[in-house]
Amino acid sequence: MVFSLRRRHKAAAVSACPFSPASTSASGDAPRRTPSWVPQVTDRREAENFVRQFHHEQPGAGDVARRVREVLAEIDRTGTYEHTPDELSFGARVAWRNAARCIGRLYWRSLVVRDLRHVTSADGIAADCFEHLRLAGNAGRIRPVISVFAPDRPGRPAPRIVNDQLVRYAGHRTAEGRWIGDPRGAAPTAHARDLGWKRDEEPFQVLPLMVEERPGARPEWYELPDGCVMEVPLRHPDHEWFAELGLRWYAVPAISDMTLEIGGVRYPAAPFNGWYMGTEIGARNLADAERYDLLPVVADRLGLDRSSARTLWRDRALVELNVAVLHSFQRAGVTMADHHTESERFLRHIAQEGRHGRPVPADWSWIVPPVSGSTTPVFHRYYDPVDASVRPAFLARES
Ligand code: ARG
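If you're wondering where the values come from, they're calculated on a predicted model, not measured in any experiment.

**Student:** Explain the overall build of the protein to me, please; I cannot follow it from the model alone.
**Tutor:** A count of helices and strands for the protein gives 11 helices and 17 strands. Against the compact-globule benchmark of 21 Å for 399 residues, the protein has a radius of gyration of 22 Å, which places it among compact chains. Viewed in the frame of its principal axes, the protein has a C-alpha envelope of about 70 × 55 × 35 Å. A burial count over the protein gives 51% of its 399 residues as buried. A separation of at least 24 residues holds for 70% of the contacts in the protein among residues at least 6 apart in sequence.

**Student:** Looking at this structure, how should I read the pairing of strand β3 (residues 145-148)?
**Tutor:** Walk down a regular strand and you will see the side chains alternate between the two sheet faces. The alternating pattern of β3 places Val145 and Ser147 and Ile146 and Val148 on opposite faces, both of which are buried. In terms of strand pairing, strand β2 (residues 112-115) meets β3 through 4 bridges, oriented parallel. Its bridge partner lying in β3, Val113 is registered against Ile146. Where the polypeptide runs from β2 across helix α5 (residues 122-137) and back to β3, its parallel neighbour, the crossover connection is right-handed.

**Student:** Would you mind going over the UniProt feature "domain: Nitric oxide synthase (NOS)" (unreviewed entry) in the protein with me for this structure?
**Tutor:** Taking the numbering used here, the UniProt-annotated feature "domain: Nitric oxide synthase (NOS)" (unreviewed entry) corresponds to residues 101-108. Secondary structure over residues 101-108 splits into 0% helix and 0% strand, and the C-alpha atoms at its two ends are 14 Å apart.

**Student:** I would appreciate a short explanation of the UniProt feature "binding site: heme" (unreviewed entry) in the protein in the present structure.
**Tutor:** The UniProt entry lists Cys102 under the feature "binding site: heme" (unreviewed entry), expressed in the numbering used here. With respect to the helices and strands, the residue Cys102 is situated in the loop between α4 (85-97) and β2. Setting aside chain neighbours within four positions, we find Cys102 in contact with Trp96, Phe346 and Ile367.

**Student:** What should I look at first to understand the packing of helix α2 (residues 44-57) against α4 in this one?
**Tutor:** Pairs of packed helices are described in terms of their axes, by the angle between the two and the distance that separates them. In contact at an axis separation of 11 Å, α2 and α4 are set at 90° when each is read in the N-to-C sense. By the angle between their axes, α2 is roughly perpendicular relative to α4. Contacts from Phe50, Gln53, Phe54 and Glu57 of α2 reach α4 at Asp86, Glu87, Phe90, Gly91, Val94 and Arg97. For the contact of α2 with α4, the per-class residue count stands at 4 nonpolar, 2 polar and 4 charged.

**Student:** I tried to follow the sheet that holds strand β12 (residues 258-262) on my own but got confused; where do I start?
**Tutor:** By way of backbone hydrogen bonds, the strands of a sheet pair with one another, either parallel or antiparallel. Ordered by their spatial adjacency, 3 strands build an open sheet running β13-β12-β17, and the pairing between neighbours is antiparallel. Each having just a single partner strand, β13 (265-267) and β17 (393-396) make up the two edges of the open sheet. Strand-to-strand, the axes of this sheet are offset by a mean angle of 35°, without reference to chain direction. Contacting β12, β13 and β17, α4 runs over the sheet at an angle of about 120° to β12.

**Student:** I keep staring at the environment of Arg153 and nothing clicks. Help me out?
**Tutor:** By secondary structure assignment, the location of Arg153 is in the loop between β3 and β4 (160-161). Distance from Arg153 to Val211, taken between C-alpha atoms, is 18 Å for residues 58 residues apart in sequence. Beyond its immediate chain neighbours, meaning those up to four positions away, Arg153 contacts Pro39, Thr78 and Thr80.

**Student:** Hey, could you run me through unusual backbone geometry in this one?
**Tutor:** Glycine aside, residues mostly have negative phi angles, and peptide bonds mostly take the trans form. Of the consecutive residues Arg391 and Pro392, the connecting peptide bond is found in the cis state with omega at -10°. Secondary-structure assignment places Pro392 in the loop between α11 (364-367) and β17. At Asn138, a position not held by glycine, the phi torsion is positive, near 45°. Inspection of the secondary structure puts Asn138 in the loop between α5 and β3. Backbone geometry at Leu312 places phi at a positive 60°, although glycine is not the residue there. For Leu312, the location among the structural elements is in the loop between α8 (295-302) and α9 (313-332). Residue class for Leu312 comes out partly exposed when judged on its relative accessible area of 44%.

**Student:** Is there a simple way to explain the packing of aromatic side chains in this structure?
**Tutor:** Geometry of an aromatic ring pair is reported as the spacing of the ring centres plus the angle between the planes. Considering all chains together, one arrives at 16 aromatic pairs under this definition. Aromatic pair Phe54 and Phe90: ring centres 5.3 Å apart, planes at 65°, arrangement edge-to-face. Placement of the pair is Phe54 in helix α2 and Phe90 in helix α4, with a sequence separation of 36 residues. Grouped by ring-pair contacts, the aromatic residues Tyr169, Phe204, Trp249, Tyr250, Tyr276 and Tyr292 constitute a single cluster. Over the ring of Trp313 we find Arg306, and its NZ or CZ is 5.3 Å from the ring centre.

**Student:** Just checking my understanding: could you explain the site of the ligand for this structure?
**Tutor:** Taken together, Gln165, Tyr250, Pro253, Ile255, Gly274, Trp275, Tyr276, Glu280 and Asn285 make up all the residues around the ligand. Between the ligand and Glu280, the relevant distance is 2.7 Å, taken from a nitrogen atom to a side-chain nitrogen or oxygen of the residue. The separation between an oxygen atom of the ligand and a polar side-chain atom of Asn285 is 2.8 Å. In isolation the ligand offers 350 Å² of accessible surface; the protein chains occlude 71% of this area. Looking at the shell around the ligand residue by residue, the classes come out as 5 nonpolar, 3 polar and 1 charged.

Conventions adopted
- Residues numbered from 1 in each chain as written.
- Predicted model: local features only at pLDDT ≥ 70, side-chain atom pairs only at ≥ 80, totals over all residues.
- Heavy atoms only, no water.
- Helix = DSSP H or I, 4+ residues; strand = E, 2+ residues; numbered from the N terminus.
- Rg over C-alpha atoms; globule rule 2.2 N^0.38 Å.
- Buried < 20%, exposed > 50% of the residue type's maximum accessible area, 1.4 Å probe, protein only.
- Contact = heavy atoms within 4.5 Å.
- Pairing = 2+ DSSP bridges.
- Right-handed = clockwise from strand over helix to strand, strands pointing away.
- UniProt positions renumbered as here; feature names shortened; annotations may be inferred.
- Axes fitted to C-alpha atoms, helices over the stretch in contact; angles between N-to-C directions.
- Parallel < 35°, antiparallel > 145°, perpendicular 65-115°, else oblique.
- Nonpolar A, V, L, I, M, F, W, Y, C, P; charged D, E, K, R; others polar.
- Phe/Tyr/Trp six-rings, centres within 6.5 Å; stacked < 30°, edge-to-face > 60°.
- Lys NZ or Arg CZ within 6 Å of the ring centre and 35° of its normal.
- Near = heavy atom within 4 Å.
- Polar contact = N/O pair within 3.5 Å; in protein donor to acceptor, adjacent residues only side chain to side chain.
- Areas by Shrake-Rupley, 256 points an atom, 1.4 Å probe, with all protein chains shown as cover.

Dropping the structure here:
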């Protein structure tokens, strides 16, 4: 396999245990946030609706009336209730099925659900996030995985992962105003530095994982250890010079800042991943003017005329960049979908859900790929309207 594994940063190499927080050595205090909210008692109606949906879709799951009584009694007694492992798996999978912005929902049933509700320490969460990346990476055959850590309880918020993805590249602006790395990583880069992390001048430096054991407290931070960040160096099938650009991207997109809400219970630390569709990297991360902004660079190497927008130099460079991304992942043996195939799968998903009598709410502006939209079948139609109150769901985090 051709992917390269990232070496552990020096700061972590000196620590005896790769999972031990390095933040204890940090100098100075990072600003503390006071949480502006406190988790409330679990909503009884949400809980009941979920239990009924679970039993409706899983007819073999047992006596629904009894389970509803049990859950409501537990809420009355403790302010919340505990999902059974089967309820948790079902809830996480349906949250994916309900994700209106996701084109990759055909495989929602195959989501691997790791029940880590007992893990509450920052060290434990970090260690299990690293294990998540290994399991999901699966030596290139990417598996969709979610790791569900402890839920919020009334009056007691659960730990949070600060990073928006488990793997993300650092970014900062030089004194001359030039960007090094991913501008999208600028805020977490600044945050990590406040905590004592040392950044390099490299364009693809992986950020440390930051975990807040108690919301509002100073996060612990951890370098991602050897062997858990799979990356693919980018090259182009026809242009030798492309490899000289030194571009790369990581294999596993793992969102870590969304709250999973199931039956009124909120899981704020529940990182989940799928596999990449090529355009996410080739038409956005590396191409957007607010990200790596590489279209002018690629266009110049292709010898395109950039004197006027009408030469379509951007469009032509964009296609070659996307060719390179798909080619490189395939060559490295790392799962990646192209936008034509993924579009067809999405329409199959809609047909399949229709056979179960279920609508597929979808957000057109997110579903249609950012290149060649009209060449894919998802462009030429409308979708069921999006209802923000649908649960289970992945929600933008409130805090
Ligand atoms: N678009 C995001 C990125 O480029 C990842 C979002 C999730 N993508 C996915 N294929 N599951 O990093």
